[in-house]
Amino acid sequence: MPADTAVGIHDLSFRTGSLVLTHEELGKHTGASLSKYHEGIGQRAMSVPSPDEDIVTMAADATRPVIERHGADRIRTLLFATETAVDQSKAAGIYVHSLLGLPSQVRVVELKQACYGATAALQLATALVRSDPTQQVLVIASDVARYDLDSPGEATQGAAAAAMLVSAEPALVAINSPSGLFTQDVMDFWRPNYRSTAVVDGRKSLGAYIRAVDAAWHDYRERGGLPLEKIHTVCYHQPFTRIAFKAHQQLLQSAGLDGDDEAAVDEAIAPTTRYNEIIGNSYTASMYLALASLLETGSALDGETLGFFSYGSGSVAEFFTGQVRPGYRAALRTDAHREAVARRRPIDYATYRRLRVQDLPTDGQRHELTHQALGSFRLARVQAHQRIYEAAGRRP
Ligand code: CAA
C-alpha cells in the first residue's frame, strides 16, 4: 500500500438507550440546583436503557445502518470495546455478529481499558487496514455508565453505542501518526467483578484526567506531533461535558498558549458537546459521540486537522489527530442520530429508581422481558444463564 494512503473512519453511527431522565427530574430528588447540573457539570439529561436493552442491543442498533450502507463483504475483524461487559468470557461482539448476519470469516474480540478501550480498538483497526487495505474493520464502543444511587457520580450516568467502519480512503476522518501516550497506575475509577456500579474517587479522577492531558500532549509533541495552532478542534473524552472545557484550558497551557480566555475555550469546545450533554457518559463511546457532534453541528471542516484526547481511568490516555476528509458531510448520519436522541421516552424519578434496583434474574430459569426497546434489537429473555436477543420488529 502506498505510504500516503489514508486510513481511518469511513462511517460513524451511534444509538442510545430508549429512556431518558432529565437533570430537572433528578434534581427534584437530590435537591441540587439546575445550574449545578447545567453549568457546573454541563449535563442536561441522561439516557437510561429499558430493561430489554444492554450494550449488545445498542451496539447492534448502531451497527445495522453501517452494514446496510456498506455491506459486510470486506469486514474481516470486529473489535468490541466496553467496560460494562455482559459476560466474563464471551465477546459481546459475537452477539452483534449473529444479530447482523455477518460472515463467519470474521475475527471477533472484546477489548477493555475503561473509557480508553475504543481508541485502542481504533488504532489496532487502522494498523490492520494498513497491512491489508482491501479489508475493513468494525470498531464498536458500547457502554452503560452506572454509579451508586445518591452518589455524586449519579448525575453523570448515561448509555450509548458508537459503531465505526475503519477502511482505506475513509469518507470521514483519516487517522494520523504520531500518538502521544500516557499510562499511570492510579485508582481513580474502577469496577470490581462483583459490582454493577463503578467505584470512583471523583476529585482524584479529575486530577488524573487533567494530568494525563498534559502528559499525553508532551509525548505527542516529542514524537513530532503538530503544534496546537495547527489543530482546528479537539474532541475530548466527556464523562461530563464540563471536563472538556477544563481539559482544553490545560491543553492550551501545556502548549504555551492562553488558557484563560474562557469565552474562546467555550466557543472551541461547545460544538463537541451537543450529544454528550443530553446522553450522559457513554464511557468508551463518549469521545466518538463528541466527534459526531462536531462533524454534524460545527462549521465546515473539510481538510481540517482534529485532535482527540482519549482517557480511560486506571489509567491510559492517548492524544492523536485526524484529518477531516473533503466532502465528509455526504457520509454523515445527522438525521438518524437526532432521531435516536429525540425518540427516547422521558421517565420520572420514581420510574428511574425502580429500574435501577431491578437486576436480571440469575436463577437460570426462563424469564421473558416486556418489549420496551425502541431500537431494532432487544433482549427477549434470559434462559439457562443465557441472554437471548432478537430483532425487535414492531412494539406491541
Ligand atoms: N451553579 C453552577 N456551578 C455549580 C453550582 C451551581 N449552583 N454548584 C456547584 N457548581 C460547580 C462546582 O463549583 C464544580 O465546578 P468546579 O469543578 O469548576 O469547581 C462543579 O459544579 C461540580 O460540583 P462539585 O464538585 O460540588 O460536584 P460533585 O461533588 O457533585 O462531583 C464529580 C462532581 C466529581 C465530577 C462527580 O460527578 C463524579 O464523581 N463523577 C464521576 C467521576 C468522573 O466523571 N470523573 C471524570 C474523570 S474520570 C474519567 O474520565 C473516566 C470516566 O468516564 C468516569
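Please refer to the structure higher up on the page.
Summary of the structure given here. (Residues numbered from 1 in each chain as written. Predicted model: local features only at pLDDT ≥ 70, side-chain atom pairs only at ≥ 80, totals over all residues. Heavy atoms only, no water.)

**A few points about the sheet that holds strand S15 (residues 345-346)**
Ordered in space as S3-S2-S15, the 3 strands form an open sheet in which the pairing is mixed. Since the sheet does not close on itself, it has two edges, and those belong to strand S3 (45-48) and S15, each with one partner. Where strand S2 (residues 19-22) and S3 come together, 4 bridges link them in antiparallel fashion. Each bridged residue has a counterpart across the sheet, and for valine 20 the counterpart in S3 is serine 47. Those strands touched by helix H1 (residues 23-30) are S2 and S3, and its axis lies near 55° from that of S2. (Pairing = 2+ DSSP bridges. Helix = DSSP H or I, 4+ residues; strand = E, 2+ residues; numbered from the N terminus. Contact = heavy atoms within 4.5 Å. Axes fitted to C-alpha atoms, helices over the stretch in contact; angles between N-to-C directions.)

**Examining the packing of aromatic side chains**
Under the counting rule described, the total for this entry stands at 12 aromatic pairs. Ring centres of phenylalanine 14 and tyrosine 275 lie 4.7 Å apart, and the angle between their planes is 70°; this geometry places the pair in the edge-to-face category. Pair noted here: phenylalanine 14 is in strand S1 (residues 7-16) and tyrosine 275 is in the loop between helix H8 (262-269) and helix H9 (276-279), with a separation of 261 residues, a long-range link. Take tyrosine 275: its relative accessible area is 5%, and that puts it in the buried class. With a centroid separation of 6.2 Å and an interplanar angle of 55°, the aromatic rings of tyrosine 236 and phenylalanine 309 are classed as tilted. (Phe/Tyr/Trp six-rings, centres within 6.5 Å; stacked < 30°, edge-to-face > 60°. Buried < 20%, exposed > 50% of the residue type's maximum accessible area, 1.4 Å probe, protein only.)

**Overview of unusual backbone geometry**
Backbone torsion omega between serine 177 and proline 178 reads -5°, so that peptide bond is classified as cis. Structurally, the position occupied by proline 178 is in the loop between strand S8 (173-175) and strand S9 (180-183). At the junction of glycine 314 and serine 315, the peptide bond is cis and its omega measures out at 5° in the coordinates. Structurally, serine 315 is set in the loop between strand S13 (305-312) and strand S14 (316-324). A positive phi angle is found at glutamate 169, which is not glycine, with a value near 45°. Structurally, the position occupied by glutamate 169 is in the loop between strand S7 (158-168) and S8. Look at histidine 385: it is not a glycine, yet its phi comes out positive at around 60°. By secondary structure assignment, the location of histidine 385 is in the loop between strand S17 (377-383) and strand S18 (386-391). Assessed through its relative accessible area of 67%, histidine 385 is described here as exposed.

**Topic: the pairing of S13**
Burial runs high along S13: 8 of the 8 residues are buried. Side-chain alternation along S13 places Thr305, Gly307, Phe309 and Tyr311 on one buried face and Leu306, Phe308, Ser310 and Gly312 on a second face that is also buried. Sheet topology places strand S12 (residues 233-236) next to S13; 4 bridges connect them, and they run parallel. The residue of S13 that forms the bridge with threonine 233 is leucine 306.

**Thoughts on the site of the ligand**
For the ligand, the set of nearby residues contains 26 residues, the closest of which are Lys36, Arg203, Ser205, His237 and Lys246. Note that an oxygen atom of the ligand is positioned 2.3 Å from one of the side-chain N or O atoms of arginine 203. Its free accessible area being 1,100 Å², the ligand has 72% of it covered by the protein chains. Looking at the shell around the ligand, the elements with two or more residues in it are helix H2 (34-41), helix H6 (202-222) and helix H7 (242-254). In terms of residue count, the dominant contributor to the shell around the ligand is H6 (5 residues). Tallied by class, the residues present in the shell around the ligand amount to 13 nonpolar, 10 polar and 3 charged. (Near = heavy atom within 4 Å. Polar contact = N/O pair within 3.5 Å; in protein donor to acceptor, adjacent residues only side chain to side chain. Areas by Shrake-Rupley, 256 points an atom, 1.4 Å probe, with all protein chains shown as cover. Nonpolar A, V, L, I, M, F, W, Y, C, P; charged D, E, K, R; others polar.)

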